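Results of the structural survey
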Amino acid sequence: MEFTVIDYSIFALLLVLSSAIGLFYALSGDRQRTVQEFLLANRNMGFLPVALSLLATFQSAVAILGVPAEIYRFGTEYWFLGCSYLLGLLIPAHIFIPIFYRLRITSTYEYLELRFNKTVRVFGTVTFIFQMVIYMGVVLYAPALALNAVTGFDLWSAVLTMGLVCTLYTTLGGLKAVIWTDVFQTLVMFAGQLAVIVVGARRVGGMARVWHLAEQEGKISGIE
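Note that the structure is predicted; figures quoted are calculated from it, not measured.

For the rest of this paragraph, the subject is the overall build of the protein. Check the secondary structure of the protein and you find nine helices and zero strands. Walking the protein from its N terminus toward its C terminus, one meets helices and strands in the order α-α-α-α-α-α-α-α-α. Taken along the three principal axes of its C-alpha coordinates, the protein extends 55 × 45 × 30 Å. For the protein, the proportion of its 224 residues judged to be buried stands at 23%. A separation threshold of at least 6 residues defines the contact pool for the protein, and within that pool the share at least 24 residues apart is 62%. With an accessible surface of roughly 15500 Å², the protein has 72% of that area assigned to carbon and sulfur atoms. With 14 positive and 13 negative side-chain charges, the protein shows a spacing of 11 Å between the two charge centroids.

Given below as structure tokens:
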């Protein structure tokens, strides 16, 4: 499989539009001159773009590429992890988030300082930064590896291109640019996943045929 002109066009358009969103918010409103606007989007974003942005945050390239491969190799018992999200997300949403919102703090690390002391805040911040540096390396490397496999595009050039575009729109447009870029990328992600499902099922002979083949190979597990 190789990229066609259409594929290259879509990829380039994705990068250009992501950068354009950052540029738009850099030149509109208060032009990101205040901490309130740059880090908190003036606290006036709607629930839908924020929800889609959070979804995009959780669905990194590691999940998009890794989860289908995991289920293909070992079966559908992976769905139990999705069930755990119900408990893992409902508790913070109804207990922790309301407290942070009422305190009008910028980050959870401010709460650590309020609750304990500055040492705990610094330790938590440094630990998170260390984790994210490692995590972001994997998240950038995974799609770059996929691009390299299907296009022959240089691996490290892909890493740098995606990293620079993300840095550009984040630095220019602040949190508003990040949220709306996530919304755009989430829609692209859903469209891509839907296309894979539709085309793949059609080539095999329909969803019923896909399910039958998976049952034959013993991949439908944890649902009985």
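With that out of the way, let us pick up the pattern of salt bridges. Throughout the structure, instances matching the rule amount to one salt bridge. For R121, the salt bridge identified is with E113, shortest N-O distance 2.6 Å.

Turning our eyes to something else, we now look at helix 8 (residues 155-204). Compared with the 74 Å implied by 1.5 Å per residue over 50 residues, the 32 Å span of helix 8 between its first and last C-alpha is markedly short. Bending of helix 8 peaks at approximately 130° at the position of G174. Regarding helix 8, its N-cap is D154, as a side-chain oxygen of that residue lies 3.4 Å from the backbone nitrogen of W156 further along. Backbone geometry just downstream of helix 8 places G205 in the positive-phi region, at approximately 125°.

When you line up the elements, A177 lands in helix 8. Remark: the alpha-carbon pair of A177 and L23, spanning 154 residues in sequence, is separated by 8.3 Å.

The next point concerns helix 3 (residues 47-58). Here helix 3 spans 17 Å end to end across twelve residues, near enough to the 16 Å set by a 1.5 Å rise per residue. Residues of helix 3 that are buried include every one of P49, L52, S53 and A56, and no others. In an axial view of helix 3, the angular spread of the buried residues amounts to 105°, which keeps them on one side of the axis. Counted as exposed and oriented over 90 degrees from the buried face of helix 3: F47 and T57. Tucked into the core, helix 3 has its buried residues touching helix 8.

With their axes 7 Å apart at the nearest point, helix 1 (residues 5-26) and helix 8 run at an angle of 105° to one another. Taken together, the axes of helix 1 and helix 8 are roughly perpendicular relative to one another. Considering only residue class, the contact of helix 1 with helix 8 consists of 15 nonpolar, seven polar and one charged.

Looking now at the packing of aromatic side chains. In this structure the tally under the stated criterion is five aromatic pairs. Pairing F24 with Y25 gives two aromatic rings, centres 5.0 Å apart and planes at 80°, and the pair type is edge-to-face. A relative accessible area of 15% means that Y25 is categorised as buried. Across from the ring centre of F116, 4.9 Å away, lies the NZ or CZ of R115, which sits over that ring.

As a further point, take the nonpolar core. If you look at the biggest cluster of nonpolar residues, it comprises seven residues: L140, A144, L147, L155, A158, V159 and M162. At the level of secondary structure, the elements contributing two or more residues to this core comprise helix 7 (118-151) and helix 8. Top contributing element to this core by residue count: helix 8, with four residues. Those residues in contact with V159 that lie beyond four places of it in its chain are L140, Y141 and A144.

What counts, and where the lines are drawn
- Residues numbered from 1 in each chain as written.
- Predicted model: local features only at pLDDT ≥ 70, side-chain atom pairs only at ≥ 80, totals over all residues.
- Heavy atoms only, no water.
- Helix = DSSP H or I, 4+ residues; strand = E, 2+ residues; numbered from the N terminus.
- Buried < 20%, exposed > 50% of the residue type's maximum accessible area, 1.4 Å probe, protein only.
- Contact = heavy atoms within 4.5 Å.
- Areas by Shrake-Rupley, 256 points an atom, 1.4 Å probe, with all protein chains shown as cover.
- Lys, Arg positive; Asp, Glu negative; His and termini not counted.
- Charge placed at Lys NZ, Arg CZ, Asp CG, Glu CD.
- Salt bridge = Lys/Arg side-chain N within 4 Å of Asp/Glu carboxyl O.
- Expected span 1.5 Å × (residues − 1).
- Bend = angle between axes of the 7 residues up to and from the residue.
- Polar contact = N/O pair within 3.5 Å; in protein donor to acceptor, adjacent residues only side chain to side chain.
- Arc of directions from axis to C-beta.
- Axes fitted to C-alpha atoms, helices over the stretch in contact; angles between N-to-C directions.
- Parallel < 35°, antiparallel > 145°, perpendicular 65-115°, else oblique.
- Nonpolar A, V, L, I, M, F, W, Y, C, P; charged D, E, K, R; others polar.
- Phe/Tyr/Trp six-rings, centres within 6.5 Å; stacked < 30°, edge-to-face > 60°.
- Lys NZ or Arg CZ within 6 Å of the ring centre and 35° of its normal.
- Core = buried A, V, L, I, M, F, W, Y, C linked by side-chain atoms within 4.5 Å.

Everything listed here is a matter of coordinates, which is why it stays silent on function.
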